[in-house]
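Remarks on the overall topology
Each chain, letter by letter, is given below.
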Amino acid sequence: MELNKNNNKPTVFSGVQPSGILHLGNYLGALVQWVEMQDQYNCIFSVVDYHAITIKQNPEELKKRIINVVKMYLASGINPEKAIIFQQSAVSAHTELAWILNCVARIADLNKMTQFKEKAGDQEKTVSVGLYDYPILMAADILLYNTDIVPVGDDQIQHVELTRTLARRFNREYGQIFKVPEVIIKKQGARIMGLDDPTKKMSKSAGSPANYIALTDSPEVATKKIMRAVTDSDSEIKYDLKKKPAIANLMTIYSLLAGLSLKELEQNYKNKGYGDFKKGLAQAISKFLTQFQIKYNSFTDEKVKQILKHGADKIRPIAEETLKNVKNKLGII
Ligand code: AMP
Ligand code: TRP
């Protein structure tokens, strides 16, 4: 891809952590959106491995997951000829800029972060400092590439807002360097909820695998999970987020995977019950997973390593230039 200054397409940056199994929430909330942006934007998609180690990882597992996340990107339809795919730790400017931004961020900024509170729970005193500092590294990821747009699921909005605050503060205190990025989230799918509890988002760190459909689940396993998914008290197939959050969530998944509108689903399942609806949904999911997994299994580790190396080599100079300009402003030369 031509990530150069002569091409005036806006820059998009986003990433996924290689910290667990990717699920339908990641796919529908983030990856689908990335794929749609490849032609109109200069896209940079990272496997954010340094974010993953904010929680202890098994080293052998982590190695495999880094590769597998790239395979997920490719199976979703991200084309490495159009978009850059790279591993965060391969460009050392990320951690260097994170340190500098640490000195611009305030404790009060980080204390507002709801994701930290959720992740730390009652372990706030014993979780890693990295988990607390995680949004600063994310800000560094975004700001290094003069990013215009950050496509994410809705749980990341607050982190992008912090990124904007830090960019503005740095620019004000030291002089104009950083572009202030915009967040975009999908109208539908930005927050896919757990199958076992429609009040909490689908999450790879959920206690039970019944919470999510992994992109690597077999169609049989996925079908069982759907048939057991929590429903609402009556039996009508109607989209009502407030009164019927469980069915609204399942309808969102169905609509996005089958390309049917919510209205069409309501029509198709008029006078039918949850059983029929779930069968149809399970079929749509099975079809999607089968096609996704054929693609996922078609990429070799070697190919992935090549893509990662190529991606990092291509964008490292941009990151290094931003870092140099930042250091200059700070008086570090
Ligand atoms: P993570 O799995 O935390 O690395 O998230 C990767 C991307 O998926 C981010 O853009 C998240 O906002 C998005 N994401 C994660 N969980 C969900 C969900 N349940 N619904 C929609 N988007 C999600
Ligand atoms: N924090 C994001 C998540 O958990 C992942 C991430 C890291 C990211 N750096 C980023 C997303 C930069 C967008 C841009 O989902």
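Above this text sits the structure in question.
Conventions and cut-offs
- Residues numbered from 1 in each chain as written.
- Chains lettered and ligands numbered in written order.
- Predicted model: local features only at pLDDT ≥ 70, side-chain atom pairs only at ≥ 80, totals over all residues.
- Heavy atoms only, no water.
- Near = heavy atom within 4 Å.
- Polar contact = N/O pair within 3.5 Å; in protein donor to acceptor, adjacent residues only side chain to side chain.
- Areas by Shrake-Rupley, 256 points an atom, 1.4 Å probe, with all protein chains shown as cover.
- Helix = DSSP H or I, 4+ residues; strand = E, 2+ residues; numbered from the N terminus.
- Nonpolar A, V, L, I, M, F, W, Y, C, P; charged D, E, K, R; others polar.
- Core = buried A, V, L, I, M, F, W, Y, C linked by side-chain atoms within 4.5 Å.
- Buried < 20%, exposed > 50% of the residue type's maximum accessible area, 1.4 Å probe, protein only.
- Contact = heavy atoms within 4.5 Å.
- Pairing = 2+ DSSP bridges.

Before going further, it helps to examine the site of ligand 2. Near ligand 2 you find 13 residues, and of these Q17, Y134, M138, D141 and Q156 are the closest. A distance of 2.7 Å separates a nitrogen atom of ligand 2 from a polar side-chain atom of D141. Its free accessible area being 360 Å², ligand 2 has 92% of it covered by the protein chains. Within the residue set of the shell around ligand 2, elements represented by two or more residues are β1 (11–16) and α7 (129–143). If one sorts the elements of the shell around ligand 2 by residue count, α7 sits on top with four residues. When grouped by side-chain class, the residues that make up the shell around ligand 2 number seven nonpolar, five polar and one charged.

Right, let's talk about the nonpolar core for a bit. If you look at the biggest cluster of nonpolar residues, it comprises 61 residues, and the most contacted ones within it are L24, Y27, Y73, I253, F277 and I285. Looking at this core, the elements that each hand over two or more residues are β1, α1 (24–37), β2 (42–47), α3 (59–76), α9 (219–228), α10 (245–258), α12 (274–296) and α13 (301–330). If one sorts the elements of this core by residue count, α12 sits on top with ten residues. Apart from residues lying up to four places away in sequence, I253 is in contact with L24, L28, I192, L195, L281 and I285. Within the second largest apolar cluster, 41 residues are counted, among which are I84, L162, A319 and V326.

This part takes up the side chain of S14. On the secondary structure map, S14 appears in strand β1. In this structure S14 comes out as buried when scored by relative accessible area, which is 3%. When sequence neighbours within four positions are dropped, the list of residues in contact with S14 reads W34, I44, F45, S46, P151 and V152.

Within β1, five of the six residues are buried, which leaves the element mostly enclosed by the surrounding structure. In this structure, β1 lies alongside β2, joined through six bridges in parallel fashion. The partner of V12 across the bridge, within β2, is C43.

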